[in-house]
Amino acid sequence: MKKEIQKERFQSEPHQPASIGQARAPVGVEVSNVFKKYGPQTVLTDISLKVEPGEIFTIMGPSGSGKSVLLRQIAGLEQPTSGTIRINGHDPHDPDTRDRFAIALVFQAGALFNSLSVYDNLALYPLEHRIGTHAQIRDRVMRALKILSLENAVNKSPAELSGGMKKRVAIARALVMEPQLLLYDEPTSELDPVMSATISEIIATLKEQYQVTSIVVSHDRELALTISSRVAILMRGELLSLTTPDGLQHTDNPEIADFMHPKIDLENPRYKTMGA
Ligand SMILES: Nc1ncnc2c1ncn2[C@@H]1O[C@H](COP(=O)(O)OP(=O)(O)O)[C@@H](O)[C@H]1O
Ligand SMILES: [Mg+2]
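If you're wondering where the values come from, they're calculated on a predicted model, not measured in any experiment.

Conventions adopted
Residues numbered from 1 in each chain as written. Chains lettered and ligands numbered in written order. Predicted model: local features only at pLDDT ≥ 70, side-chain atom pairs only at ≥ 80, totals over all residues. Heavy atoms only, no water. Helix = DSSP H or I, 4+ residues; strand = E, 2+ residues; numbered from the N terminus. Buried < 20%, exposed > 50% of the residue type's maximum accessible area, 1.4 Å probe, protein only. Contact = heavy atoms within 4.5 Å. Areas by Shrake-Rupley, 256 points an atom, 1.4 Å probe, with all protein chains shown as cover. Core = buried A, V, L, I, M, F, W, Y, C linked by side-chain atoms within 4.5 Å. Pairing = 2+ DSSP bridges. Axes fitted to C-alpha atoms, helices over the stretch in contact; angles between N-to-C directions.

(A) Geometry of the overall build of the protein. A tally of regular secondary structure across the protein gives 10 helices and 9 strands. Per-residue burial over the protein gives 47% buried out of 276 residues. Considering only contacts within the protein whose residues lie at least 6 apart along the sequence, 68% involve residues at least 24 apart. Surface summary for the protein: the accessible area is close to 13,900 Å², and the carbon and sulfur share equals 51%.

Below you can see the structure in the form of C-alpha cells.
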C-alpha cells in the first residue's frame, strides 16, 4: 500500500500542484476545559489537550468513555456545554470562521450510501457544496480513489465491498475535501489484524505525505502504539493520561495498564458456569 501511495505522489507532482492536502498547512487544535452534558448526564468532564500541527494524536478508551462525543465537538458538529475548542485559534462550530480550515471526519460506520456508487458517495458533498466544477470534482474523486487503491471499485455499491475496502472508501471520501485536519472514528473497528495494520499504515502515510494533522479515536492498541506521536486515555469522560506510546507501555496507573493489557481471570465466577 505504501509503495502505491508514494508512486502516486511522484507521478502527480509535476501536473497537479494543488493536489489533495498539499496546498494547505496543517492546523493545531486546542481543547480547553471542555464539558459536555446531554440532559442530566455529563459525558465529558474538564477535557484539556493540545494537538500540534502535523501530528497523529490518538484518543483511546473503553466503549462509552466519550471518545466519539469529543471528536464531534472537535469537528464542530456539536458545541461543548462549556469550555472551548480552537482550531488555529478559531471555533470550529462558528459559521463565520469554520470555513477558514478544512476538517474531514471519517465516521465510525463509514456512513456510506449503499444506493449510490462509490464514485457518487465521494462526489456527493463536493457537488452539493459546489466545491468546484464537475471536472474538478471528478479529478479530486479519482485522485482520492487512486491514493487508496480503489480505482476498481469506482462503480460498485459500498454493499459489494469488503469491510476493509469500505473503510478505505470512507477515508477517500474525507480526502476529497483536501483536509488540513483529519478526524478518524474507530478506523480499524471490525477489521482483522492484517487489514487493521494496512489502515494504520494508510493513516501514517497520509500524515507523512500531506502533513495533515490527524486525530484518531480508537481502541486498537496496535494502532495507538505504532503510528501515534501521542496518546490520550479517556475513561468515564475524563482525561486520565496524555503520553507517548512508550510512556503508555510503562504506565504505573493500574487502570490504564489493565486497559492496555487486559487479562481474563478464569477463576472469575462469571466464567465458571460456562461450558458446565
Ligand atoms: N447525542 C447523544 N445524546 C445523549 N447521550 C449521548 C449522545 N451521544 C453520546 N451519548 C452518551 O455519551 C456517552 C459516550 O458516548 P461515546 O462518545 O459515543 O462513547 P465512545 O467512547 O464509545 O465513542 C455514552 O454514554 C453515550 O450514551
Ligand atoms: Mg465511539
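After that view, the rundown keeps rolling.
(B) Up close: the nonpolar core. Counting residues in hydrophobic clusters, the biggest one holds 39 residues, and the most contacted among them are Leu122, Leu182 and Leu206. Looking at this core, the elements that each hand over two or more residues are β5 (103–106), α3 (118–128), α4 (134–147), α5 (163–175), β6 (181–185), α6 (193–210) and α7 (221–227). Excluding its chain neighbours within four sequence positions, the residues that come into contact with leucine 122 are Val141, Ala144, Leu145, Val169, Ala172, Arg173 and Val176. Judged by nonpolar contacts, the second largest core, of 26 residues, contains Val29, Val31, Val43 and Leu70.

(C) Spotlight on the sheet that holds strand β4 (residues 82–87). Spatial ordering of the open sheet is given by β2-β1-β4, a layout of 3 strands whose pairing is antiparallel. In the strand order of this sheet, the two ends are held by β2 (41–51) and β4, each with one partner. Between one strand axis and the next, the sheet turns through 20 degrees on average, direction left out of account. Alignment of strand β1 (residues 29–38) against β2, held across 7 bridges, turns out to be antiparallel. What sits directly across from valine 34, in β2, is isoleucine 47.

Keep in mind these values describe shape, not function.
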